[in-house]
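Examining the three-dimensional arrangement
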Amino acid sequence: MKRKYTYPFLMMVAVTLIFLAERYLDAQEKQKYVEAGASVKSEDLDFFLPAATSNQIINHDYYTLEYSEEAEQASWVAYTLTKDQLTETNLSRPYFEIDPAVKTGAAHWRNYKNSGYDRGHLCPAGDRRFSTQAYNETFLTSNISPQLQEFNGGVWNRLENQVRDWARRYGELTIITGGLLKDPVDKIGEEEVYVPSAFYKILIRKDASGFTALAFLIPHSESDQDLKAFLVTIDAIEELTELDFFPQLDDATEAQLEASHSVTDWKF
DNA sequence: CTGGGGATC
DNA sequence: GATCCCCAG
């Protein structure tokens, strides 16, 4: 009987198939890595979210927020930032969109037009440059707050840059940020979007010795002061915002974390 | 990086 | 409303 395929030929086919299979699995693995690195839905983020004060908590793909219908903006926005998310891709700024996930109706960007205030990102566009989808998602009106340009482009931008430096240094951190909505200094547009009197930012990360957190509260005005001048306790922010941060931590850890600021754990 | 506004179709 | 161009801190 005539043999159709020689042994060397079959070997070659087998080797080729193994090679292709390995390459495929490798690509799958890389894809998984990209997705894991890009996703904000880490267990850590869920673990660090503030306690709900309404039913308007919205999980976007790359950040989570709670919307205040009265203030027409988020009361907090939370996301996890990892070192590998900080890329330098060139993306063009999209148009701001009304967040369709806000059931009561998120504010229209027109409220901000010629108001004298910037559309200030809460989850910065600069932290979500690792994909077009992630970047565009920060341009929802549920993720912005009216900010003076001197504030947004000044001291607040310095803080955001410092946060990016910390993400590069420490690998991963979770950030919760928002404005003080209680006694707005102004209301803009037809929808009367609140203009916060100050903005806060809370950072937490996990290292070998446990959790370490840092909190900033910056008045809504221009400032050349060192960022350290705006350090406060998380307790202080809780009192002003009436939010409860880190409710899932055990009470002792929560109390310790919220009462102090561990400046020495964070290299300025 | 953080943003703005006008002109045009 | 979307896009392109030019602007400032």
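The shown structure was predicted, so the numbers you read here are calculated from the model rather than taken from an experiment. (Residues numbered from 1 in each chain as written. Chains lettered and ligands numbered in written order. Predicted model: local features only at pLDDT ≥ 70, side-chain atom pairs only at ≥ 80, totals over all residues. Heavy atoms only, no water.)

1. Re the environment of Leu 81
One can find Leu 81 in strand β3 (residues 73-82). Under the relative-accessibility criterion, Leu 81 is labelled buried at 0%. Sequence separation between Leu 81 and Thr 141 is 60 residues, and the spatial gap between their C-alpha atoms is 21 Å. If sequence neighbours within four positions are ignored, Leu 81 has contacts with Leu 86, Asp 127, Arg 128, Val 163, Arg 164, Ala 167, Gly 171, Glu 172, Leu 173 and Ile 175. (Helix = DSSP H or I, 4+ residues; strand = E, 2+ residues; numbered from the N terminus. Buried < 20%, exposed > 50% of the residue type's maximum accessible area, 1.4 Å probe, protein only. Contact = heavy atoms within 4.5 Å.)

2. A word on unusual backbone geometry
Phi is positive for Asn 114, close to 55°, though the residue is something other than glycine. Counting through the fold element by element, Asn 114 comes out in the loop between β3 and β4 (118-121). A residue is classified by how much of its surface remains accessible, and Asn 114, at 77% relative accessible area, is exposed. Backbone geometry at Phe 246 places phi at a positive 55°, although glycine is not the residue there. Tracing the backbone shows Phe 246 in the loop between α5 (234-241) and α6 (251-259).

3. Observations regarding the sheet that holds β3
Read from one edge of the open sheet, 7 strands run β1-β2-β3-β6-β9-β10-β11, paired in antiparallel fashion. Edge positions in the sheet fall to β1 (57-59) and β11 (231-232), since each of these pairs with one other strand and no more. Note: strand β10 (residues 210-219) against β11, 2 bridges, orientation antiparallel. Bridge pairing links Phe 216 to Leu 231 in β11. Here helix α4 (residues 149-170) sits on the sheet and contacts β3, β6 (172-179), β9 (198-207) and β10; the angle it forms with β9, its principal contact strand, is near 5°. (Pairing = 2+ DSSP bridges. Axes fitted to C-alpha atoms, helices over the stretch in contact; angles between N-to-C directions.)

4. Some words on the confidence of the model for chain A
Detailed reading of the predicted model is not advised wherever pLDDT is low. Put simply, chain A has an average pLDDT of 88, and 84% of its residues get 70 or more. Of the regions scoring below 50 in pLDDT, residues 18-41 engages in 20 contacts with residues more than four places distant in sequence or in other chains. (pLDDT = per-residue confidence, 0-100.)

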